[in-house]
Structures are given as structure tokens and as C-alpha cells.
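A structural walkthrough
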Amino acid sequence: MVTEVSLCGVSLKNPVIPASGTFGFGTEMAGVYDLNLLGGISMKGTTLQARYGNECPRIAECPSGLINSVGLQNLGIDVLVREKLPGLRKIYGGCIIANISGFSIDEYVKCCAAADAAPQTDIIEVNISCPNVHGGGLAFGTSEAAAAEVTAAVKAVCRKPVFVKLSPNVTDIAAIARACENAGADGLTLINTILGMRIDIRRRRPVVANKYGGFSGRAVLPIALRMVNQVAHACSIPVIGCGGVSSAEDVVEMMMAGATAVQVGAENLRNPYVCKEIVEKLPALMQELGIENINEIIRTI
Amino acid sequence: MTRGQYVIKENVLVADRTWKLTLAGDTSALRRGGQFVNIAIDGFFLRRPLAATMWDGEGFCVFYKTVGKGTQVLSTKQPGEILDALVGLGNGYDASACRESALVVCGSLGASPTFTLVRDLVASGKKVEVILGFTGAADVILEKEYEALGAKVTVMTEDGSRGRKGLVTDAMPEGGYDFFYTCGPLPMMKAVCQKAICDGEASLEERMGCGCGICYGCTCHTNKGPRRVCADGPVFKKEDIVW
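Quantities reported herein were computed from a predicted structural model and do not represent experimental measurements.

What follows covers the nonpolar core. With 186 residues, the main nonpolar core has A:Leu188, A:Val228, A:Val262 and B:Val37 as its most contacted residues. Counting residues per element, this core draws most heavily on helix H6 (residues 221-234) of chain A, which supplies seven residues. If we skip the residues at most four places from it in the chain, A:Leu188 touches A:Phe163, A:Val164, A:Leu166, A:Ala177, A:Cys180, A:Val231, A:Cys235, A:Ile237 and A:Val239.

Here's what the structure looks like:
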């Protein structure tokens, strides 16, 4: 039975990857379980300068999901390269994905170049879809021209595969995906969170301090599947499917929709062991479904 | 941190909207008073973080108030039912920071997280004075349990319906302790930290995502930079807290 998949030549022992922002920098999970059973780890989003992020409350519970407005809290690219990447590599031998965000093309370029130069980085994930910061992130992910510009600029300074992480908060995600592909992206990750809000009706104010936040969790799986399917048929570069995945069944569904690998996000917050459980369940599910090689189901719908 | 399936032994109303939930199962990850557990409730995406009040080899208990839908559902759970819990979260209080005499000041449900701390302080031969503050007599919890540990206990109520009338700070002694511990509403803890004559620790609270340090959903400002309440705390040193 084959669970191994390949992302632009980077081999993953299985398609399961904790999504950026839901698994810290990976090192926070050291000792909770053996991370080496994971296909890959997408590290917490990093910017050029250290960021505190948004004020609390940053979390609002929703039916089958949650809204977060963390706002890219991170220690900056220098600390990522100097401490976090080497720290994770010490305990993890699989595919390390450095997730980069920025507020200008120049910032994206500097951060991605630094992440690319770090020997521990296998793949660079360019986040142009964070809904929780003003003036950056999402601004690049909602315009074909801006998405293409970031992609081309980053590709010019990276030797390693560049995956662009797309926002669902757009009218036509396939058009944005094609723009990234045409600008040289090696792959795409989708979807980031969906912009949402909750209101505390007793206090008469938004639950999260930043008013709006990114909605994710089991509830978004159908939206993510549809978008992954649209993008997988609009582009020929590999897609990492993300959004609402909480089980081995969801992983198979996401791959059938078009994903080569699958990220698990919000479910880690509910069950920090979920990625391990999915990896352990996958072979039995494949057997039950008559799947000998997991690659045979990719984009079959 | 461990994750386990816990059998409900008891889930009873012990004060106004305040419940005591006793669960049987693995407690090996609980090391210090002030640590918490994160309990999954059917129908709710996020778990509910609750301080572990006391534990032994058989299980642990928590106190919770029914403040929202999740805790309402939790209060309907019956003995014999199973709850999924992450156990042994957070840093807990440092009992060794106290040399001889400790002052423990709690407000409302804040009486819960310090219970095992007081047990450990008393067990290591330290003198402990506990001040418990509540709105009124209907809210009082754990008074007799603290007394049974061998601590000197003072109960304060805002309306005077039990113990002395007044705030916990009114009952704080001028001296006689070398370290303090506090848990309760933020304004209360701030006042306690300001009035205290020495170093101490306070347990902060914030709306949490994961409860185990991976989502950065509960970050607070400290004098040492941003810290996660769930994993770097919830207990912080007085001098590090930004009120």
C-alpha cells in the first residue's frame, strides 16, 4: 500500500500536513507525539518584523468551527531562520513548509529569500490570504494582478518550490489560481479562512476584538472541496487541499477533489492529536475503499 | 498533556450556578495546582478549559459556572457518561516560591485553581492563610475543604451574607507572609497584586482556542513580551503581568 505523495519533487511519506497557524512552529508539539509520522508540517505564518498580532479576544466559537483573529503573531523571519527552522528540523525529518506573509512585495521577497536560503526549508508557502491583518495578506490574494506580481517576485528569489496560499474570499478562485500559475507558482494551497464575524448580543459588540476574523473548521469542508476541485481543473500545478478536514475520510475526499496533499487546520485546536489519528487510520480506510496507491485517487472527480 | 476518556462520577450543583464535576481516569499529567483540563462537549467545536481543583490516582474534579451554552450542556451530563478531556495543561503555581508563609487570595470561582496549591503548601509544612471572596452566601464554595486542609480561612462577601462584609483586599493582612498567590476576576487580582507586600503569582484567564499552545489564540502582553495564557501561563509572576 502506497501513501507517499510528491509535491514538486519533495517526497511526503503521507499526504497529511498540519496547516499553518494551527500547529505553532511545530516545536510546541514536541513530546506530544512523534511528529515524524506526519507527511509535512506547515509552520506558523512569519513576517519580516516580529508581530504581536491582534488584541484578545482572538477566538469566537461557531457551529462546527471557529473564528480566529490572531493576526500573524510571530517573532519575525530572522528568528524563524535562526531558531524555529533548526529547532523543528532537530525533531522532525519530514517535509518542512515555511509559511510567509507580508505587507509589501519587498517584504514578501525578503522573507521568502531568507526562508529559501535556510537549509531546513523544503517548501515555501506564500500566504496572500490572511484576513486578519490590515493592508497586507489578503490584499494580494483578491486581485489577479497583485497575486501574480507577488508570485513572480518571490519566484525570482527562490530555488525551492513555491506554493501560493489562496483566499476563498474572492469571486473566482480559479482565475486567481491561474494568475499564480502563469506567474510561475510551483503549487497552490487552498483555502485559507473565510472572513466572518460573531456578535455578543448581551454586550452588543463583536466577539473578537478585531471585529472580523477568519472562519474555519468542519463547516467549511464543502466550500474547500468545491474550490480545490475548481482550481485543480483550472491549473496543472499540484494543489494542497485545506479547509474543514477532520478525518481520514475527509483526506480521501479532498484528494479525489484534486489535492495532492491535505492540510488539517482548525481540527488541531479541538484535538491536537488529530493528524496522528488520521495518519494511523488512512491505511485501513484505503484498504476498505480498495485504494492500493493513494496517488491513484488524486483529481479523479 | 494527555488525552483520555473520563467517566463522570459526580456532576452536582454546589452553589449558585456553580457545579462540581468529578471525573475518573488518568491524572498522571497533573503536576501542580493551577493547571487545567480542556473538556470536549458534544455539539461544540471548542473544548472548555477548566482548572483542575483536586486530584488523586483515581481521577480529578473541576468547578464550573453555567455561563454559556457549553457549560449549560455540561451541567446536564450524568454519572456514567464519558467525557473526552485533555489533561495537565498550563504551568500551574510554583509552591516552592513560598519560603514559610503564604497568602492565598481568591475571588468567586477563583477558589478552585488554588486548592491543590494550598494542599501542597500545607503538606510541605508552610503556614497558609486563605482569603475567599464571593458576591454573597449563595456563591460560597470550598470553604470547609480549605479549612480541612489546615489553612486559616477568611470568607468575605460583598453583601455580608456570609463571613465578613467587604472585598478580599479588606481582609489582606499587613504582613506575616512571604509570597502570595491569587486567582479571580482581573480587577480583583490587580488590586491584590498592588496591595501585597511581596512577590506573588496570579492566574490569568483568556478566551482560548486549543488550550495547549499551538494556535496563539490567547496571547497576552507581559513585561517579558507576548505570552500564551494557556501554555506559558495561566500563572504569571506579579512583576511580569501587564494589567
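Moving on, there is more to tell.
Attention now moves to the interface of chain A and chain B. With 26 residues of chain A at the contact, the number on the chain B side is 21 residues. Secondary structure elements with two or more residues in the side of chain A that touches chain B: strand E5 (59-62), strand E6 (65-68) and helix H8 (267-270) of chain A. Broken down by class, the residue content of the side of chain A that touches chain B amounts to 13 nonpolar, nine polar and four charged.

Turning next to helix H9 (residues 274-289) of chain A. Residues and elements named next belong to chain A. Helix length check: H9, at 16 residues, gives a terminal C-alpha distance of 21 Å against a target of 22 Å (1.5 Å per residue), a fit within 8%. Leu282 marks the point of greatest bend in H9, at about 35°, and the proline Pro283 comes within the next four residues. Among all positions of H9, only Val274, Cys275, Ile278, Val279, Leu282 and Met286 are buried. Considering only its buried residues, H9 is in contact with strand E3 (16-18), helix H7 (248-257), strand E16 (261-264) and H8. Directly after H9, the chain includes Gly290, whose backbone phi takes a positive value near 70°.

It is worth spelling out unusual backbone geometry at this point. Of note, the bond from A:Cys56 into A:Pro57 is cis; its omega dihedral lies within 30 degrees of zero at 0°. Tracing the sequence through the fold places A:Pro57 in the loop between strand E4 (40-42) and E5. Here B:Gly233 and B:Pro234 are connected by a cis peptide whose omega angle stands at 10°. Here B:Pro234 lies in the loop between strand E14 (225-228) and strand E15 (235-237). Of note, the phi angle at A:Ser64 is positive, near 55°, even though the residue is not glycine. As for its position among the elements, A:Ser64 is in the loop between E5 and E6. Positive phi, close to 65°, is recorded for B:Leu142, a residue that is not glycine. In this structure, B:Leu142 sits in the loop between strand E8 (127-134) and helix H3 (143-149). The buried category is assigned to B:Leu142, around which 25 C-beta atoms lie within 10 Å.

Another aspect to go through is the packing of H6(A) against H7(A). Residues and elements named next belong to chain A. In the contact formed by H6 and H7, the axes pass within 8 Å of each other and the chain directions differ by 30°. One element, H6, and the other, H7, form an angle in the roughly parallel class. For the pair formed by H6 and H7, the contact residues are Leu221, Leu225, Val228, Asn229 and Ala232 on the first element and Asp250, Glu253, Met254 and Ala257 on the second. Per-class residue counts for the contact of H6 with H7 are six nonpolar, one polar and two charged.

With that settled, consider the sheet that holds strand E2 (residues 18-24) of chain B. Pairing is antiparallel in the closed barrel, where six strands are placed in the order E1-E2-E5-E4-E3-E6 (chain B). Along the sheet, successive strands turn relative to each other by an average axial angle of 45°, direction set aside.

Once that is clear, we can look at the sheet that holds strand E14 (residues 213-216) of chain A. All names here are of chain A. Pairing in this open sheet of four strands is antiparallel, and the strands run E5-E6-E14-E11 from one edge to the other. On the outer flanks of this sheet lie E5 and strand E11 (194-196), each paired with one strand and no other. Here the average twist between neighbouring strands, direction ignored, is 35°. Looking at chain direction, E6 and E14 are connected through three bridges and run antiparallel. Within the sheet, the bridge partner assigned to Asn68 lies in E14 and is Gly214.

Conventions we followed
Residues numbered from 1 in each chain as written. Chains lettered and ligands numbered in written order. Predicted model: local features only at pLDDT ≥ 70, side-chain atom pairs only at ≥ 80, totals over all residues. Core = buried A, V, L, I, M, F, W, Y, C linked by C-beta atoms within 7 Å. Buried ≥ 20, exposed ≤ 12 C-beta atoms within 10 Å, placed from the backbone. Helix = DSSP H or I, 4+ residues; strand = E, 2+ residues; numbered from the N terminus. Contact = placed C-beta atoms within 7 Å. Nonpolar A, V, L, I, M, F, W, Y, C, P; charged D, E, K, R; others polar. Expected span 1.5 Å × (residues − 1). Bend = angle between axes of the 7 residues up to and from the residue. Axes fitted to C-alpha atoms, helices over the stretch in contact; angles between N-to-C directions. Parallel < 35°, antiparallel > 145°, perpendicular 65-115°, else oblique. Pairing = 2+ DSSP bridges.

Keep in mind that these numbers describe shape and distance, not what the molecule does.
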